[in-house]
Amino acid sequence: MTTVARARMPWGSARVRLAAAGLAAAVAALAVPGTAAAAEPEAEGIIIVGIPGLAWSDIDPETTPHLWDMAGEGASAAMSARTIGSWTCPEAAWVSLGAGERAGGAAPRDAQCEAQSQLAAPTGEDGAWTVPAWPDLVEANSAFNYGARLGSLADAVADMAAAREAAEPPLEVEPGSCVAGIGDGAALAAADTAGRIAFWAPGLDALGAAMDTCDIVIVDPGVVIGDTADNAPDTATDYDQLGEDDTEVGTDETGGEDEPGEIAPEADPVRAAAAGAADDAVGDVDDRLPEGWRLMVAGIADASAPSALHPVLYTGAGVEAGGLTSSTTGRDGYVQLVDLTATALAVVGADLPSTVAGAPVTVLPDPDRTSGEAVATGVDETAASSAVAEVSWPFYVTLSAIGCVMVAAAVWLLCGTDRFRGLARTVCIAVAAVPVAGVAAGIPPWWRSEHPTLMFWGLIAAGTAAVTIAASLPWTRRGARPALLVAGIAAGLIAVDQVSGATWPLHTPMGYTAQAGARFTGLGNYAFSVLAAAVILLVAFTPWRGRARIWGPVAIGVCAVVIVGAPMLGRDMGGTLTLVAAGILTCLKLWGRRLSIAALAAAGGIAFGVFAVAGFLDYLRPEEDQTHLGRFVASVLDGSAAQILIRKADAAIGTIGNSLTWISLAALIGAFVIWRRRAPIGRDAVAAAVIGLTAVAVIGALVNDSGIAIPGFTIALGFGLLAVAVGPAAAPAAAVPGSEVADARPRTPGPAAN
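On a predicted model such as this, the values are computed, not experimentally measured, just so you know.

Caption draft 1: Quick look at the nonpolar core. Grouped together as the largest cluster of nonpolar side chains are 94 residues, with contacts concentrated most on Phe395, Val486, Phe541, Phe713 and Leu717. Residue contributions to this core peak at 16 residues, all from helix α10 (residues 371-415). Residues within four places of Val486 in sequence aside, it is in contact with Ile429, Ala432, Val436, Val467, Ala471, Leu717 and Leu721.

As structure tokens, this is what we get:
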């Protein structure tokens, strides 16, 4: 039989070169942003009224009737006012509103925001107003690594007018392409990058003139709604020394709710009077609002530490009743402070500059929504966020403390005598079940209880007990079954949550809090650590048979990477990079491959390749649909990625020494003891699990801003379960005369030998 070799088309073939050139051209055309057409204005103008300290609980039909009516007639959302640090004072909020990016104030940030509430009036007159402290503000923000360009709002409006004048043919530029400020705080938001203000006035009597001059008007009524000295937090605490996490700032108890989820603070006539004064100012603005204009009222800042969510109310031309959202949050009912800047630009038809981190808000129509429902929803969201912040720090401390006990139990289980091994095994399973219970705790609305803290810890205890008992039944407690069961429950819970909309992490310390403003949906770093550790254990200890030994781990790994990195699911760029690299190393070792330098380089290269391709594809999507990954690629292209990396590295380094450092140190000591007594590792499955968990902990700590928390949660789930799966060392077999048992070379069992 004659074999005819298949002809191979050389790379130099005209068809191949043409196809390659066409593909490259198509990719280049998609990658290079086209010239955007001038955006159409959504309304004739917009007024933004900023009220520092305004909370949802301040809005009621008696004290604040105008705000109450706005909540029902327009669209509303809970807003994270987070800028620089754990809470946002007025000066930082006004500057951030003008920058469209997180920015800080020049004055010291104290617990009562006293220094940053004392704002100086602009100097000058007749269109020549300037902010006197502008150079100090610019200098202060140069050290924050957020790349905030103060005055971006005013400059973007001016650029819009200049672009229309320079167009061919020139477009008509109507008067009003500027930003006006009324009140001292509004001057900081209305100033351009040089600190100049197109129009400024001290009071609302000039509102008409401001609207005649500019299409965007920022209003500071001069009211800060805060606690009185008797009800305020401790002013002696140096909160600036407590770090960047809201959980490090002490909070007062918020008990005594009359209804589930409602915050019912002690009656404060001073606070009520301030809310009433702000409401009067809002009513004055609303009464004079032209027909084609829009009005947005926002609690743009905290009045004191700790931080909280604040209301945003949006009414006017074309705004339907309902809720609000934005692409920066990806979650209905939540927006960020920087979204207000983007919304103002979108309303007047200006393009968003790259320095504006926010996105225009989107109205979610709900014509049946009432004022009472809107306020109740906002109060409930605020209560949930505050409750999570209150229990988070004790949860992390507790997990780290019992994690140290778990490490000791794992060492005893692997290296100790038979005595207490059953107890050590139970401790390992129970501690691994705690973060799993933490994920499940977000399912019921525990914050609506009369005693939310007790309810939360009750859920943690119940979840831990349930998982521990399930892993200790006669048919689940043998070999690696407990580890597989707990890991399967953890991975399953997180996968179901991500597929169903990622609602649980928002209400548990295992996820993220909306008031922090870092992430509102997707997969948080803590839950990622638990998921990644669970996936490694499942891949390593599942008793694969035949070809399933190859495609089984690959299938699990691919599904996990999709859950972690897909834009509609986890959208975790650092987690994607970590899991791909750790998964490849785990599989290679499981398949009996030697982890050479070339193998390590290949794993890193593939992980980076997946990261780069996924990021580039996300970047090609419309800007409003991009996730963190696509926006990071954009920052690489515009040269601002270095600031992001420096900021993340600084945040990661800042986590060293926090509560989860203890469990990490304990694990290092425990691993050294086990290595000295049980090395070398004889089974590929065990070696694969060790390498995979180590890779998740180390790579995750390096590429995520959560730093030491990544190995902390990885250890909490993985260390004890790994010890349970490995089990105690087998007793040496007694020598049998005349046999070769004692001299036989030990076999290396496969992953099925548990």
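Caption draft 2: Summary view of a negative patch on the surface. Taken together, Asp69, Glu73, Asp286 and Asp287 make up a surface patch of like negative charges. Put simply, the parts of the chain that give the negative patch at least two residues each are α2 (65-73) and α8 (269-287). Note on placement: Asp69 falls in helix α2. Asp69 sits in the partly exposed class, given a relative accessible area of 37%.

Caption draft 3: A look at the environment of Asp286. Along the chain, Asp286 falls in helix α8. Expressed as a C-alpha distance, the spacing of Asp286 and Met70, which sit 216 residues apart in the sequence, is 9.5 Å.

Caption draft 4: Structural context of the state of the cysteines. One pass over the structure, following the stated rule, counts two disulfides. Between the sulfur atoms of Cys89 and its disulfide mate Cys113 the distance is 2.1 Å. On the sign convention where negative is left-handed, the bridge of Cys89 and Cys113, at about -75° about the S-S bond, is left-handed. You can see Cys89 sitting in the loop between β2 (75-80) and α3 (90-99) and its partner Cys113 sitting in the loop between α3 and β3 (129-130), a full 24 residues away along the chain. Take Cys89 and Cys113: they sit in the same class, and that class is buried. Between the sulfur atoms of Cys178 and its disulfide partner Cys214 the distance amounts to 1.9 Å. Across the disulfide from Cys178 to Cys214, rotation about the S-S bond amounts to roughly -100°, and the bridge is consequently left-handed. With Cys178 in the loop between α5 (152-166) and β4 (179-182) and Cys214 in the loop between α7 (207-213) and β7 (216-219), this residue pair connects regions lying 36 residues apart in the sequence. With respect to class, Cys178 is no different from Cys214; both count as buried.

Analysis parameters
Residues numbered from 1 in each chain as written. Predicted model: local features only at pLDDT ≥ 70, side-chain atom pairs only at ≥ 80, totals over all residues. Heavy atoms only, no water. Core = buried A, V, L, I, M, F, W, Y, C linked by side-chain atoms within 4.5 Å. Buried < 20%, exposed > 50% of the residue type's maximum accessible area, 1.4 Å probe, protein only. Helix = DSSP H or I, 4+ residues; strand = E, 2+ residues; numbered from the N terminus. Contact = heavy atoms within 4.5 Å. Patch = residues over 30% accessible without salt bridge, like charges linked within 9 Å, V, L, I, M, F, W, Y side chains within 5 Å. Areas by Shrake-Rupley, 256 points an atom, 1.4 Å probe, with all protein chains shown as cover. Salt bridge = Lys/Arg side-chain N within 4 Å of Asp/Glu carboxyl O. Lys, Arg positive; Asp, Glu negative; His and termini not counted. Charge placed at Lys NZ, Arg CZ, Asp CG, Glu CD. Disulfide = S-S within 2.5 Å.

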